[in-house]
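# Fold and geometry: a report
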Amino acid sequence: MSLKPKTLVDFSFQALKANKLRSFLTMLGIIIGVASVILMIAIGQGAQAQVMSRVKALGSNVMMVLPGALGRFGAGSEGTAQSLTLEEASAVARLPYVANVAPVVRRAALVTHGANSWTTTITGTTPSITAISSTMSTVEGRFFSPADEKSAAPVAVLGQTVWQNLYPNGSDPVGTTITIKGVPFTVIGLLQSAGASMGGNNQDDFVYVPLKTAQIRLFGITFIGLMEVQAAGQKEVTPVINEVTALLHRLHGLPPGAPNDFTVRNLSQILSTAQDISGMLTLFLAGVAAISLIVGGIGIMNIMLVSVSERTREIGIRMAIGATQRDILNQFLTESIVLSLTGSFIGIVLGVGAAVAVSAFAHFPTPVSSLSIVAAVAFAIFVGVFFGYYPARRAANLNPADALSYE
Amino acid sequence: MSAPLISCQELTKSYPLRGMEIKALNGVDLAIEDGEMTAIMGASGSGKSTLMNVIGCMDRPTGGRYLLDGVDVMSLTKDELAHLRNRKIGFVFQRYNLLPRMSALQNVLLPLVYAGVNAGRAANRALAALEMVGLAALAGNQPNQMSGGQQQRVSIARALINDPQVILADEPTGALDTVSSAEVMTILKELHQTRGVTLVIVTHEADIAAYCERMITMRDGRITGDSIIKGKRGA
Ligand SMILES: Nc1ncnc2c1ncn2[C@@H]1O[C@H](COP(=O)(O)OP(=O)(O)OP(=O)(O)O)[C@@H](O)[C@H]1O
Ligand SMILES: [Mg+2]
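All values reported here derive from a predicted model rather than from experimental measurement. (Residues numbered from 1 in each chain as written. Chains lettered and ligands numbered in written order. Predicted model: local features only at pLDDT ≥ 70, side-chain atom pairs only at ≥ 80, totals over all residues. Heavy atoms only, no water.)

Tracing the sequence through the fold places threonine 324 of chain A in the loop between α10 (312-320) and α11 (325-361). Discounting chain neighbours no more than four positions away, the residues touching threonine 324 of chain A are Asp79 and Ala82 of chain B. (Helix = DSSP H or I, 4+ residues; strand = E, 2+ residues; numbered from the N terminus. Contact = heavy atoms within 4.5 Å.)

As structure tokens, then:
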């Protein structure tokens, strides 16, 4: 006959309440450990999710051709030069192993619908962008067609953020008229949400119009801002980069050996590296946090040892009135498990709260995974049992007469 | 005549001390019948508490034989000893030894918790035991809210809660004034007379020993005197 779990838990709370401050300080190690495991995993997974959504939005095996030479900041950027044209994009599209090419022009502009206005980025591009980027699909209406592109039709496809700001009542935008820089456009589609990208860029804050429309009706330009090039497969990425570089070098009339006035960036590779790094980062952060859990466990063991020696007399009394060794062992083991479990529950609340706060104030997604909570609690129980066993065993092995006469 | 409840033969208990051996018990032969009320007296260090620990199954003797109610205690496991302490033996200590931060009621019913009695029945029995020692009104008080005499009565209630065959009291009045001592002894005597509980009481005071029917004297780990001071069950 040994004590019921409920009785053991009652005993534990009695003992822990008797020394509230000490119990709290003992739990603090576990609280901090669990909270940081949850928060760190959430941050790590948030970073991974952003990279993933960027990869999805970008498409696979994609490189970006930007005007301007490799600059001081590592790469050229859109708008610093005017060296790319639609004809060059067509030439690139004819290269072997090139699956898709999407020329892109981007400018900020004011968009209005009725009384609502919103400043956003206008992206002029061709329908081939939808083949490159898997997130570029509509939830309402349609994307613009090659015919729209050919005729420079005044049609627009809205991103979610733009829609939310121009249509605050959430009405269907398809078929309505908006103005971009004062020019009327018919809305023909609404994009699905692509989610936030790294650095907090909102990938939904865009209006897409046909490239030709953007060049002629909005910005009065003939060049393009950049082109996205998709290779046919992963193996073809490097040959395509070389081909594109050679082609543009020739088309720009640069002498052999002269520096390029454009930049080809292999985005897929950068992103896959970022993905690896963010995965490692998650593991690393979780590992550091787990170490703090172990430190918390050592704190529990320390306090339980103190507690056993302080309560030697109590142990003697309990043995005198009939507690078995198992009763005493279970009592102290339960106490350390209650400590670590209570600590881990507080830690969960803090960790989840911190994750929510981070995502609210730093605009960084921190998805708390239920797995990380389960893992943290399981680890905390393990810590409680592992570090509680030795002190409990010591208590149980006391000789009743010696324990009772302990000063 | 039936076998004695407590039967010790050639009991020895020695403690190692700086390479030497202290013989706290040095060959104790003792038989106590069921229903006796016995006092043990003797100088400090004569081995009284050591003997009580052995009789109470709190400690194992170094040598000799000890039978409790016919059972050879030396052959029992630690769990069986715990069970025996829980069911057959009640303890009353000089320093009361109630658990702090627990009410009188909780203290009294603790042996029942270890016996696996369900909470409702345990509380009723504990209340009845407190009634018996005249402290039902203080059931909710914690030890630090009671006088020494009251605490000792609570500990008597705890000792008798499981209807033990024997109550071992090691200097139960050692820390009490004369009035509280008399109260405590009256309760113990009453227990003995109404329920026939066997009582073994260690004391330094002759007037406490006078409550008993038999007096044993110890010296240097041996029994040096054993006399009937009153007829059984008082006169
Ligand atoms: N745990 C122990 N370790 C070493 N020696 C001990 C231990 N317990 C008791 N002794 C020794 O055994 C002897 C008997 O001790 P015991 O406590 O039985 O005496 P006592 O008769 O109860 O004395 P008192 O009247 O002072 O309570 C003493 O010499 C004591 O020092
Ligand atoms: Mg003593």
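Further remarks concern the pattern of salt bridges. Tallying each qualifying case throughout the model produces 13 salt bridges over all chains. A salt bridge links aspartate 69 of chain B to lysine 88 of chain B, with the nearest nitrogen and oxygen atoms 3.1 Å apart. Remark: lysine 88 of chain B occurs in helix α2 (residues 78-88) and aspartate 69 of chain B occurs in the loop between β4 (63-68) and β5 (71-72); sequence separation between them is 19 residues. One connected set of salt bridges, linked through shared partners, spans Arg311, Glu314, Arg318 and Glu335 of chain A. (Salt bridge = Lys/Arg side-chain N within 4 Å of Asp/Glu carboxyl O.)

Note that predicted coordinates carrying low pLDDT should not be read in detail. Per-chain confidence: chain A averages 88 in pLDDT, with 95% of residues scoring 70 or above. Taken together, the stretch residues 75-80 of chain A has pLDDT below 50 and engages in 22 contacts with residues farther than four places along the chain or on a different chain. (pLDDT = per-residue confidence, 0-100.)

Per-residue confidence for chain B gives a mean pLDDT of 93; residues scoring 70 or more make up 97%. Here the complex is predicted with pTM 0.76, and the ipTM for its interfaces comes to 0.95.

Listed as interface residues are 25 residues of chain A and, on the opposing side, 24 residues of chain B. At the boundary of chain A with chain B, total buried surface from both sides reaches about 2,300 Å², with 58% on carbon and sulfur atoms. Summed over the shared surface of chain A and chain B, the number is zero salt bridges. At the boundary of chain A and chain B, one finds six residue pairs in polar contact (both at pLDDT 80 or more). Listed by contribution, the elements that provide at least two residues to the side of chain A that touches chain B are α1 (5-18), α10, α11 and α13 (400-404) of chain A. Per element, the largest residue contribution to the side of chain A that touches chain B is seven residues, and it comes from α10 of chain A. Of the residues assigned to the side of chain A that touches chain B, the class counts are twelve nonpolar, eight polar and five charged. (Buried area = accessible area lost by both parts, 1.4 Å probe. Polar contact = N/O pair within 3.5 Å; in protein donor to acceptor, adjacent residues only side chain to side chain. Nonpolar A, V, L, I, M, F, W, Y, C, P; charged D, E, K, R; others polar.)

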